Amino acid sequence: FSLSDAVMLFGQDRDQLRKLYFQAWESQRRGRPLDPLQRQIVTVIEKHPEYQPLLENPEQALARDYLPELGETNPFLHMGLHLALREQVSTDRPAGIRDVHQRLSKQLRNVHAAEHRMIECLGEALWNSQRSGRPPDESAYLQALQRLAGTGK
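(A) Structural view of the overall build of the protein chain. When helices and strands are counted, the protein chain shows nine helices and zero strands. In terms of C-alpha radius of gyration, the protein chain reaches 16 Å, essentially the compact-globule figure of 15 Å for 153 residues. Taken along its principal axes, the extent of the C-alpha atoms in the protein chain is 45 × 35 × 30 Å. Across the 153 residues of the protein chain, 36% fall into the buried class. Taking the contacts inside the protein chain whose residues are at least 6 apart along the sequence as the reference set, 58% of them involve residues at least 24 apart. If you average the places of the 20 positive and of the 20 negative side-chain charges in the protein chain, the two averages end up 6 Å apart.

If you want it as structure tokens, here you go:
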């Protein structure tokens, strides 16, 4: 079960997607067994201790909107981009992303920092797609990632 599967299962239901994070974190905190998707989610949450108190207060977090125009980062979007990027790297789609991830992780000597740099490109690709009403341009996305790692034009 992957993030793509979850999005397909719940569609664009923000509350259902957020509940995946709450449930995974609650299971982790209580020492309950985690399914594969929950394990992936928990590994991202563990890298973001600043989001853990939020995940421990589902009622408040479920209803909250995060407004970028006010300088707010949406923690669910941020963690979702990490999960999406990790899925892309594991499947090497777009082809070459795994190499970029390895190179950038080595350059920065920190996998999580590399992911943060890469999700900036992913976020921009998704924003451009949403703005244009077309599917994401994988070629442009990969080129941006390659420039980031110093391997592209």
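(B) The arrangement of the nonpolar core in detail. Counting 18 residues, the largest nonpolar core has Y21, I41, I45, L55, F76 and M79 as its most contacted members. At the level of elements, α2 (14-29), α3 (36-46) and α6 (75-91) are the ones that each hand at least two residues to this core. Filtering out sequence-adjacent residues up to four positions away, I41 remains in contact with L20, Y21, A24 and L83. Counting 17 residues, the second largest nonpolar core, distinct from the first, contains L81, M118, L122 and A125.

(C) Broad picture of the packing of aromatic side chains. By the definition in use, this model includes two aromatic pairs. Summarising the aromatic geometry, the rings of F22 and F76 are spaced 5.7 Å apart at their centres and angled 80 degrees between planes, so their arrangement reads as edge-to-face. Of this pair, F22 sits in helix α2 while F76 sits in helix α6, placing them 54 residues apart in sequence. Comparing F22 with F76, the two get one shared label, buried.

(D) The packing of α6 against helix α8 (residues 111-132), seen in detail. Look at α6 against α8: their axes get within 9 Å of each other, and the N-to-C directions meet at 100 degrees. Relative to α8, α6 is oriented roughly perpendicular. Residues H78, L81, H82, A84, L85, R86 and Q88 of α6 form the contact with α8, whose own contacting residues are H112, E115, H116, M118, I119, L122, G123 and L126. The residue inventory of the contact of α6 with α8, partitioned by class, reads seven nonpolar, six polar and two charged.

Thresholds applied
- Residues numbered from 1 in each chain as written.
- Predicted model: local features only at pLDDT ≥ 70, side-chain atom pairs only at ≥ 80, totals over all residues.
- Heavy atoms only, no water.
- Helix = DSSP H or I, 4+ residues; strand = E, 2+ residues; numbered from the N terminus.
- Rg over C-alpha atoms; globule rule 2.2 N^0.38 Å.
- Buried < 20%, exposed > 50% of the residue type's maximum accessible area, 1.4 Å probe, protein only.
- Contact = heavy atoms within 4.5 Å.
- Lys, Arg positive; Asp, Glu negative; His and termini not counted.
- Charge placed at Lys NZ, Arg CZ, Asp CG, Glu CD.
- Core = buried A, V, L, I, M, F, W, Y, C linked by side-chain atoms within 4.5 Å.
- Phe/Tyr/Trp six-rings, centres within 6.5 Å; stacked < 30°, edge-to-face > 60°.
- Axes fitted to C-alpha atoms, helices over the stretch in contact; angles between N-to-C directions.
- Parallel < 35°, antiparallel > 145°, perpendicular 65-115°, else oblique.
- Nonpolar A, V, L, I, M, F, W, Y, C, P; charged D, E, K, R; others polar.

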